[in-house]
Amino acid sequence: MGCLKKWLKEEFILFIWGWGCCLAIILFAMLAVSFFPDAAIKLTGLFILFLICLHVFLWFKFKK
């Protein structure tokens, strides 16, 4: 059971680092363009910076 739990944790982290980040940026950019067209580029840039900070936080939290 411990091996399965460790494997699921690793897969979740890989998903967050990979596809989850890309999909979140695309979805946020689409929403920003729809609702705030004048500031969409700046908001998307801030969102990317937020994701980088979140990933750094998660990296140090789950670091072995």
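Everything in this summary refers to the structure shown in the same document.

Parameters at a glance
- Residues numbered from 1 in each chain as written.
- Predicted model: local features only at pLDDT ≥ 70, side-chain atom pairs only at ≥ 80, totals over all residues.
- Heavy atoms only, no water.
- Helix = DSSP H or I, 4+ residues; strand = E, 2+ residues; numbered from the N terminus.
- Rg over C-alpha atoms; globule rule 2.2 N^0.38 Å.
- Buried < 20%, exposed > 50% of the residue type's maximum accessible area, 1.4 Å probe, protein only.
- Expected span 1.5 Å × (residues − 1).
- Contact = heavy atoms within 4.5 Å.
- Axes fitted to C-alpha atoms, helices over the stretch in contact; angles between N-to-C directions.
- Parallel < 35°, antiparallel > 145°, perpendicular 65-115°, else oblique.
- Left-handed = near helix turned anticlockwise from the far one by under 90°.
- Nonpolar A, V, L, I, M, F, W, Y, C, P; charged D, E, K, R; others polar.
- Phe/Tyr/Trp six-rings, centres within 6.5 Å; stacked < 30°, edge-to-face > 60°.
- Patch = residues over 30% accessible without salt bridge, like charges linked within 9 Å, V, L, I, M, F, W, Y side chains within 5 Å.
- Areas by Shrake-Rupley, 256 points an atom, 1.4 Å probe, with all protein chains shown as cover.
- Salt bridge = Lys/Arg side-chain N within 4 Å of Asp/Glu carboxyl O.

## Looking at the overall build of the protein
When you go through the protein residue by residue, the secondary structure sums to 2 helices and 0 strands. The globule rule puts the C-alpha radius of gyration for 64 residues at 11 Å, and the 15 Å found for the protein is more than 25% above it. With respect to the principal axes defined by its C-alpha atoms, the protein has extents near 50 × 20 × 15 Å. Per-residue burial for the protein yields a buried fraction of 16% across its 64 residues.

## Some details on helix α2 (residues 40–62)
Helical periodicity: at 3.6 residues per turn, an α-helix aligns residues three or four positions apart in one direction. Over its 23 residues, α2 extends 32 Å from the first C-alpha to the last, a length consistent with the 33 Å expected when each residue adds 1.5 Å. Among all positions in α2, only A40, T44, F47, L51, H55 and L58 are buried. Where α2 is buried, its residues touch α1 (2–35).

## Considering the packing of α1 against α2
The contact between α1 and α2 brings their axes to 9 Å, and the two run at 165 degrees. One finds that α1 runs roughly antiparallel with respect to α2. Like other packed secondary-structure pairs, α1 and α2 cross with a definite hand, here right-handed. For the pair α1 and α2, contact is made by K9, I13, I16, W17, C21, A24, I25, F28, A29, A32 and V33 and by A40, L43, T44, F47, I48, L51, H55, L58, W59 and F62, respectively. Residues that form the contact of α1 with α2 fall into these classes: 18 nonpolar, 2 polar and 1 charged.

## Observations regarding the packing of aromatic side chains
With the rule as written, the count across this model stands at 2 aromatic pairs. A centroid spacing of 4.3 Å and a plane angle of 10 degrees characterise the contact between F28 and F47, whose relative ring orientation is stacked. Pair noted here: F28 is in helix α1 and F47 is in helix α2, with a separation of 19 residues, a long-range link. Its relative accessible area of 17% is what places F47 among the buried residues.

## Section: a nonpolar patch on the surface
Together, W17, L46, I48, L49, I52, V56, W59 and F60 give the surface a local cluster of nonpolar side chains, amounting to about 830 Å² of exposed area. For the nonpolar patch, the element with the highest residue contribution is α2, accounting for 7 residues. Inspection of the secondary structure assignment puts V56 in helix α2. For V56, a relative accessible area of 43% gives the class partly exposed.

Structural measurements only, silent on function.
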